[in-house]
Every structure is written in C-alpha cells, then in structure tokens.
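# Coordinates in review
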Amino acid sequence: MRVTLATLFALLLITSSAAAFQDAGATEDEPKRELKELIKESSISTSVQVPDGFQPGRIQNARESKIASIHEHRKAELGYVRKLHEMPVFEIGPVDIDADVILTVDGVPVTRSLFRKRALLYAAAGDLERHALRTITAAELSRRAERGIDISAFQASPQDIAAKLEEYRALMKMGIDQSDAAAGVDTAAKSEEQFNAWVESMKVALGEEKFHQYLAADAQFEKVFLAVPSVPLNELESHKAELNRLGQEGQLPEPIILGPHTERPEWMPTATWDAFQMTEQSRNLLGFILTQGRNRAGLPQLFKPSIVSQLRDGVMKVTGVRYFFDEEMPDGVLMRVGDHEVGVDEAWALINPILSDADIEMILRETVALHAAKTAMQAAGAWLDTAEWDELWGSYEQEFEGTLLPMKTVITFRGYNSVHRFREHLRFGKSFNNMVLDTITDEEVLDHFQGGGRLFFERGEVVLAPAFRAMTDDFSKAAWAAAEAEMAQVIEESDGDWDVVQARYPTPGLKDGETTVKGQRNRLNIAFRESELTQIVTGYGLVHEAFYRASEGDVIGPWAATMRHHQWGDAPGVWAAKVVEFNRPGGLPQFVKGDRNYDMAYEDYLNLRFIDWMNATVEAAIPTIAVP
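Keep in mind that what you see is a predicted model, and the values were worked out from it rather than measured.

## Observations concerning the overall build of the protein chain
Per the secondary structure count, the protein chain includes 25 helices and 10 strands. Sequence separation of 24 or more characterises 78% of the internal contacts of the protein chain that already satisfy a separation of 6 or more.

Structure (structure tokens):
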C-alpha cells in the first residue's frame, strides 16, 4: 500500500498508541518523545558496530579544536558527498524490456527475468508482500478444506470490503494534525478530502477491480487469521453480566497473562498462535487478544492496525518468505513462500507495474549499481554470505524487540514500504562496512565530526527556500527533462531574485506566508520527499548537498526527482532550493569512545561514504554496459 504523508503519520500514531498499551510502565509521553528523537536524530542507518580496538587517541574533547567559521570551512571540498554536477551520468538508450537479454554489464547479462524482479521491487515492493500474504492465506484455506471445513465463510463479502474501507477512513482521520483544529480548520472535511484523494489514487494506480481485490485480500486475511469472538451489540450487556458473575465481586475476570501453560483456544488458528510467539511484544499482544476473545469483545479499532501488522509479520516469519536476493534461486523464481515458489512471470501478471522510460532507466541504474557493488565486495572478501547475513539480520531484528517503535514503522522514515527491500539494501551497507571499517581512523572520523558533519552533531539547522515544479500524468524522460529545463530557465531569468522563482513554483506543504523550511536532515528529507531509499537508488540527495556542502546563497538544482516509487513519493516533481542560512546552536559534543556521538559519527561518515562508493561503482560500470 502506498500512503501519503498524512496516512503515514496516522499509522505512526496508531502504532505508538498500541506500543504504549503493551508497555504497562510507559507514560503517555514516552512514544511522543521517542518519535521526536527518531525524527530529530536518526541517520541513514547501517547500524555500524565500531570494533573494540578503536581508540579515541589523543583527542578527548572536540570542543578544544572546533572550527570557528562554518562559512569558511564549507568552502572546502568534501569528496564523499557529491554535488549534483558531480553525479555520474547514467543514460541508457532505448531498451527492449521484453527481450531475453536487456543489456549486459561487463559481459554479465541483465535478463528479462532479472529486470522484472528489480522492477517489482522498485515499483511494487509493498504489493509483493501482500502477494506473499495472499499465498499464505490460500495455503491455510487449502489445509482447512482438506480437514473438511467449509471455507466459503472465509471469503470477503461486500460488507467486509465496505467495513475495511471505513477502517482506512478512520485511520486517515486520526492522522489529521490537531493544530489544524486549534486553528479553526474543518478537520472532518480535510480528512474526508484526503481519504477521497487516496481512494481515487488507488483506483487510478490499480484500477477499480484490483482496488476492491486489494481491500478484499485485507478483509479475508483477518477473517482467516484473526477472527476474535465478539457478541452483537444488543447482547453485549447481558454477556458482560454473565462474565461479571463468573468473576470476583462483580468484576470482569482478570486479563489473561500468557504463560507456559496457556492453551490455544479453538477459535485461534495454529498459524496465528505461532506468529504471536515470535517476540515479547507480540506475546503481550497475544494475552490481550486472548482476553478480548474470552470476553467476546472483538478488537478495539485503536489497536487493530498495529495488531494486524504484527500478525502479518509473524505469519510471514513463521511460514518463511525468502527473495531471490536472500539466497540462490532459479532465474525464473522471485521468492519462496514456505514451500511454494512464486514465479517472476506469475507476480508480474498479477501486479504488472506501470513503468515509464524514466522508471526503466532508474531500475536499470539500481540493477547496475547493486551488481557492480556486490562484485567488488565479493572480490574484496567483504560480501556477507547467506549464513553470516541471516545471523546478522536476526540480531538486527532483535534490537527492535520491546521498543515503542517497531522496525516496520522505523523504516517508513527511510522511505521503505517493505521490510524485504530494506533488508536487501542493509546487507549492502553492512558488507561495505565490513570492507572499509578497519581502514578508517578516529582522526578521519573526527574530521567529519568537527567539519563537514558538524551541523548534524550540533543539531544545527539548514534554512532552505524551496521551489517545486509538479509533474502530473506524463512521467517520461522527455517530460522530466522538459520540466527541469523549464525551471532552469526561470531561475536564470530571475537574475537572482528567488521570490520570482518561488512565485512561479510554490512548494506543497508550506503554510500561508512561509517561504522557507529549516531543520536537521530528516525534517528536510520529509519536506523535499527524499529518503535513504532515494539516496541509495539515485545516488544523490539534494538535502545532503545542502546540509553538508552548500554555502549561504547557493542555489541547488533543478533536480528531477524521478524516483517517485517510494514511501514519501506522493508529490513527484522537479525540485530546487536556495540556501538561506545555517543555524548553529553551538556546543559541539565530545568525541569519546563509548559516547553515543562517537558511534553516530562513525555511522554518519560511513553512510555518506557508502553512497559515494556506490556512485563510484556505477561510474566504473557505465563504460562496460552494452545494449543488444
């Protein structure tokens, strides 16, 4: 499911609320505080683990040698953050995406099957997860049919589909900014407008029939795996009275606390029971679900999205979902769901993403980048093999157990709507760290900490005046190039008057009277619809250039953000920005091993180096590309 920014924050609200419910010791403000910290401080994370052998050397306090003038320092080159004009030019002529071999890279063929795999991940990663869930649901219904169970009752009815649509309506209503209500905005009308826009966008993207299938699949999954008993409203009071009689002193029976002797009720499928045993957090949820089922109270709408999300993750983990990038598979196989192999052509026929030639070029760029990077890391002995990676990924997943924000929520800030797509890119990041970490010194990272990256560690802000030229229906290379050229001409003819540019190209999201956005990188990424995913795939980030390399008065762009298929890609278009100023609160923290800033400095530096190195592999691979 692609969601707008408003929907994303609604999802975060619900997930945070459910997490707070699960953690009895959590205060009401803890989810908000952790969410703020995530937005404010999180970086493009590859979860660097600095070896114990690294020492801070002679430098114990970075304040003693901080750079006095950020303006003078930013004039120096910073080779591992590329400006727009330093990007490798990746332009492939017309290709036949239905040919057996679309192109070759250093003699290695990019087959039609490989292209389709990468295209499905690029344009429809979330839909692939949904297809895996449909496969799991079909397998569960088949098992029930073999046991003589009538499975007709598990089909999604028109009423089920309508109820699911209403759930999405309520979800978007929750995502409306409460400051709008304080300002006198009609929030009910605003949420309805956003809901209708989402429905229309889904119908355009999928077609009306597939949109209904999308809703039906959601409803059917819940009927199969999460049919929590509930009583009709007109019987609720008498049912509660009976429960009170069975309890003590007129109170409802105590909530069920999951223990080693807790038995699975007949109404709960084994797959659901096993799925909620995966983590401590999901086991706490299971106790709550069992209590609701015993009381025949169903599931509260407030917590249901989080419960369903964890159930989906758990069911997929119990079943086992592996992609072609996780392990060796035949060329025609996209993924394995349990014992079932999902063919590339099978998924392509079901999902069949609509691709422009600009999309095709971006897919091929990512394909070349990942191929070249993996080849180089394998040659260096740094590539994490399947066993090593599985163990490392398992450890990474465990880091999120018991936290208020599950991994699936956190990765939305990085632009991903699929854990599997995130997992693939994280493996590349981890392998890169494996390759270079032992060659990096504290002095090298300290230079980044005090110099190019100091605004990040000071919590400094960059103030940008954005301009945005929206794209509507035509996403071809020619349309993008024309839009980019149009904006460049307006900038040139404005003769330095940025008010003229902004008047021509107003930016979505700015309130009346606002002409600038300011903040740390993550806030700017949100404003400019950039993310870790876009920066890895395209190799560039306008926000990175502004944050690390620009000087006051610089104009960055125009930048045609052709990668519109990502979590934040709800406003495709061409961007430009003028750097207005830098805000520096001062007080650069210490750079001492064991301190959080020390680890963050390594992480930030390595992340930037990783993106630059990926660009270098593309640069080296371009001359070896041949189109049949």
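Let's pick the thread back up.
## Overview of the sheet that holds strand E3 (residues 321–323)
The pairing of strands in a sheet happens through backbone hydrogen bonds and is either parallel or antiparallel. Strand order across the open sheet formed by three strands is E3-E4-E5, with antiparallel pairing between neighbours. The sheet terminates laterally at E3 and strand E5 (340–343), the two strands that pair on one side only. Strand-to-strand twist of the sheet, defined as the mean angle between neighbouring strand axes without regard to direction, takes the value 20°. Where E3 meets strand E4 (residues 333–337), three bridges bridge the pair, whose relative direction is antiparallel. Within the sheet, the bridge partner assigned to Arg 322 lies in E4 and is Arg 336.

## A word on the pattern of salt bridges
Note that side chains of opposite charge can pair when their charged atoms are close. Evaluated as defined, the whole model comprises 37 salt bridges. Residues Asp 604 and Arg 521 are paired through a salt bridge, measuring 2.7 Å at the closest nitrogen-oxygen approach. Residue Asp 604 is located in helix H25 (residues 596–621), and its partner Arg 521 is located in helix H22 (residues 521–527); the two are separated by 83 residues in the primary sequence. Arg 521 carries the same exposure label as Asp 604, and that label is buried. In the salt-bridge network here, residues are joined through shared partners; they are Arg 322, Glu 327, Arg 336, Glu 341 and Asp 390.

## Digging into the packing of helix H4 (residues 112–146) against helix H12 (residues 304–319)
One can describe the packing of H4 onto H12 by two numbers: an axis separation of 11 Å at closest approach and a directional angle of 65°. Overall, the two elements H4 and H12 adopt an arrangement that is roughly perpendicular. Where H4 crosses over H12, the two elements pack in a sense that is left-handed. Contacts between H4 and H12 involve Glu 129, Ala 132, Leu 133 and Ile 136 from the former and Arg 312, Val 315, Met 316 and Thr 319 from the latter. The residue inventory of the contact of H4 with H12, partitioned by class, reads five nonpolar, one polar and two charged.

## Points about the sheet that holds strand E10 (residues 625–626)
Strands sit in the order E2-E1-E10 across an open sheet of three strands; the sheet is antiparallel. The open sheet has two edge strands, strand E2 (108–111) and E10, and neither has a second partner. Inspection of the sheet shows strand E1 (residues 101–105) paired to E10 by two bridges, in the antiparallel sense. Note on E10: the bridge partner recorded for Val 105 is Ile 625. Where H4 meets the sheet, it contacts E1 and E2, and its direction lies at approximately 60° from that of E2.

So, how was this worked out
Residues numbered from 1 in each chain as written. Predicted model: local features only at pLDDT ≥ 70, side-chain atom pairs only at ≥ 80, totals over all residues. Heavy atoms only, no water. Helix = DSSP H or I, 4+ residues; strand = E, 2+ residues; numbered from the N terminus. Contact = heavy atoms within 4.5 Å. Pairing = 2+ DSSP bridges. Axes fitted to C-alpha atoms, helices over the stretch in contact; angles between N-to-C directions. Salt bridge = Lys/Arg side-chain N within 4 Å of Asp/Glu carboxyl O. Buried < 20%, exposed > 50% of the residue type's maximum accessible area, 1.4 Å probe, protein only. Parallel < 35°, antiparallel > 145°, perpendicular 65-115°, else oblique. Left-handed = near helix turned anticlockwise from the far one by under 90°. Nonpolar A, V, L, I, M, F, W, Y, C, P; charged D, E, K, R; others polar.

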